[in-house]
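Secondary and tertiary structure notes
One-letter residues, chain by chain:
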Amino acid sequence: MKRTILAIALLLGPLSPALAHGGGPHLKGTVSVISAEQITVEADGGKPASAKITPETRFVRGKAQGKRADLKQGDRVVVHTRKHGDALEALEIRYK
Amino acid sequence: MKTAAIVLLVVAVGLAAGTAALLLRGGIGARVEPTPIEKAVARSLRRLLIEGSARGLQNPLPNTPEVVHTGLAHFADHCSMCHANDGSGQTAMGPNFHPRTPDLRSSDTQGLTDGELLYIIEQGVRFTGMPAWGDGSEESRQASWALVRFIRHLPALTTAERLEMESMNPKSREEREEEKAEERFLEGKGEDRAKRSGGGHHH
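Let me begin by describing the structure that accompanies this report.

Cut-offs and rules
Residues numbered from 1 in each chain as written. Chains lettered and ligands numbered in written order. Predicted model: local features only at pLDDT ≥ 70, side-chain atom pairs only at ≥ 80, totals over all residues. Helix = DSSP H or I, 4+ residues; strand = E, 2+ residues; numbered from the N terminus. Buried ≥ 20, exposed ≤ 12 C-beta atoms within 10 Å, placed from the backbone. Contact = placed C-beta atoms within 7 Å. Pairing = 2+ DSSP bridges. Core = buried A, V, L, I, M, F, W, Y, C linked by C-beta atoms within 7 Å. Axes fitted to C-alpha atoms, helices over the stretch in contact; angles between N-to-C directions. Parallel < 35°, antiparallel > 145°, perpendicular 65-115°, else oblique. Left-handed = near helix turned anticlockwise from the far one by under 90°. Nonpolar A, V, L, I, M, F, W, Y, C, P; charged D, E, K, R; others polar. Expected span 1.5 Å × (residues − 1).

**Notes on the overall build of chain B**
The number of helices and strands found in chain B is 10 helices and one strand. Starting at the N terminus, the α and β elements of chain B follow one another as α-α-α-α-α-α-α-α-α-α-β. Burial statistics for chain B: of 203 residues in total, 23% are counted as buried. By sequence separation, contacts in chain B at least 24 residues apart represent 62% of the contacts at least 6 residues apart.

As structure tokens, this is what we get:
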């Protein structure tokens, strides 16, 4: 069993950056706009980036479950996204 | 008699051609969405083809927090890359399998018996991405039964449990460094410049 797992780990090792995430970029910045449908993150020196908020979007405050109402303009967030066509969907929004 | 045989032959060839066209529409690629008929047939076949003696097996491990946690740790290390820590199948690879990686929290999976779940873990499922994890040893079987306990727990998985699993997921050095950078950013330490950190995560 261990040998099998090791072989799979070695085989998949080079792919590992792709495995833990949902297929889109991580948006790291401060909240510029947040609504029930969308969050826009302002990156310092970069373009604002938006992601759709869906019923599946998870809000994580520290190590606990949070909610959208926790967030306001100016809060630091990291948004894990996945691509949906040309748009991004927020899988998880993390904040302190 | 001869006419009937010809009609039967034509119908059989037509059915075979129709099935082939349905299965191979869009070529051999995995991007094409499985039709509802394909999904229904595949699910029914999966149940039918699991050996009857396996279906009725009872989980010998008690439903305790310790056993569930053993399954949680094993799942995070071996299963999450396709199934996701929460069992949703929403990973970089999950939605690109054909058939798609199932949501383990759904009734389609939760409706399987413990024995059927064990069989799928140990024996795998042909023509899908599900490998056979069992090696015939008692150690492997016990690990699989703990996974069955954890799969039953998935619909009630907490945020804290999911975050604990993230710390157990196989990760590259790059990913661990990015996690630390994100944590520092959220704490307002170290990195002051906010940014879109997508470079290594476009898949």
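Next, the rest of the story.
**Side note on the overall build of chain A**
Helix and strand content of chain A: one helix and seven strands. Reading chain A from its N terminus to its C terminus gives the helix and strand order α-β-β-β-β-β-β-β. A fraction of 52% describes how many contacts in chain A between residues 6 or more apart in sequence connect residues 24 or more apart.

**Examining the pairing of strand β4 (residues 58-61) of chain A**
Along any regular strand the residues' side chains alternate between the sheet's two faces. Residue and element names in this part refer to chain A. One ladder, built from four bridges, connects β4 with strand β7 (residues 87-95); its direction is parallel. By the bridge assignment, Arg-61 is partnered in β7 with Tyr-95. Pairing between β4 and strand β5 (residues 64-65): two bridges, direction antiparallel. Within β5, the residue paired with Arg-61 across the bridge is Ala-64. Hairpin connection, β4 to β5: the antiparallel pair is bridged by two residues, and Gly-62 has positive phi, about 65°.

**Description of the nonpolar core**
Of all hydrophobic cores here, the largest spans 22 residues; its most connected members are Leu-117, Leu-147, Phe-150 and Ile-151 of chain B. Going through the elements one at a time, α4 (65-78), α7 (114-123) and α8 (138-153) of chain B are the ones with two or more residues in this core. Residue contributions to this core peak at six residues, all from α8 of chain B. Setting aside chain neighbours within four positions, we find Phe-150 of chain B in contact with Val-68, Gly-71, Leu-72 and Phe-75 of chain B. The next biggest cluster of nonpolar side chains, apart from the first, holds 14 residues, and it includes Ala-49, Val-78, Leu-88 and Leu-91 of chain A.

**Structural notes on the environment of Leu-8 of chain B**
Residue and element names in this part refer to chain B. Following the sequence through the fold, Leu-8 ends up in helix α1 (residues 2-24). Look at Leu-8 and you get exposed, because 10 C-beta atoms sit within 10 Å. For the pair formed by Leu-8 and Glu-139, sequence separation is 131 residues and the distance between their alpha carbons is 52 Å.

**Thoughts on the pairing of β7 of chain A**
All names here are of chain A. Strand direction decides the pairing type here: strand β6 (residues 76-84) and β7, joined by seven bridges, are antiparallel. Residue His-80 lies in a different strand from β7, and its bridge partner there is Glu-92. Count of turn residues in the β6/β7 antiparallel hairpin: two residues, of which Gly-85 carries a positive phi of about 65°.

**Here's the deal with the packing of α7 of chain B against α8 of chain B**
Residue and element names in this part refer to chain B. In the contact formed by α7 and α8, the axes pass within 9 Å of each other and the chain directions differ by 125°. The orientation of α7 relative to α8 falls into the category oblique. Note on packing geometry: the crossing formed by α7 with α8 is right-handed. Seen from α7, the contacting residues are Asp-114, Leu-117, Leu-118, Ile-121 and Glu-122; seen from α8, they are Ser-144, Trp-145, Leu-147, Val-148 and Ile-151. Tallied by class, the residues present in the contact of α7 with α8 amount to seven nonpolar, one polar and two charged.

**Let's talk about α8 of chain B**
All names here are of chain B. The end-to-end C-alpha separation of α8 is 23 Å, in line with the 22 Å expected for 16 residues at 1.5 Å each. What α8 keeps buried is the set Ser-144, Trp-145, Ala-146, Leu-147, Val-148, Arg-149, Phe-150, Ile-151 and His-153. Contacts made by the buried residues of α8 are with α4 and α7.

**Brief notes about the packing of α4 of chain B against helix α9 (residues 159-168) of chain B**
Residue and element names in this part refer to chain B. Taken N-terminus to C-terminus, the directions of α4 and α9 make an angle of 50°; their axes are 8 Å apart at the nearest point. By the angle class used here, α4 and α9 are oblique. The element α4 and its partner α9 pack so that their crossing is right-handed. Contacts between α4 and α9 involve Leu-72, Ala-73, Ala-76 and Asp-77 on the former and, on the latter, Glu-161, Met-165 and Met-168.

Nothing here speaks to function; it is geometry throughout.
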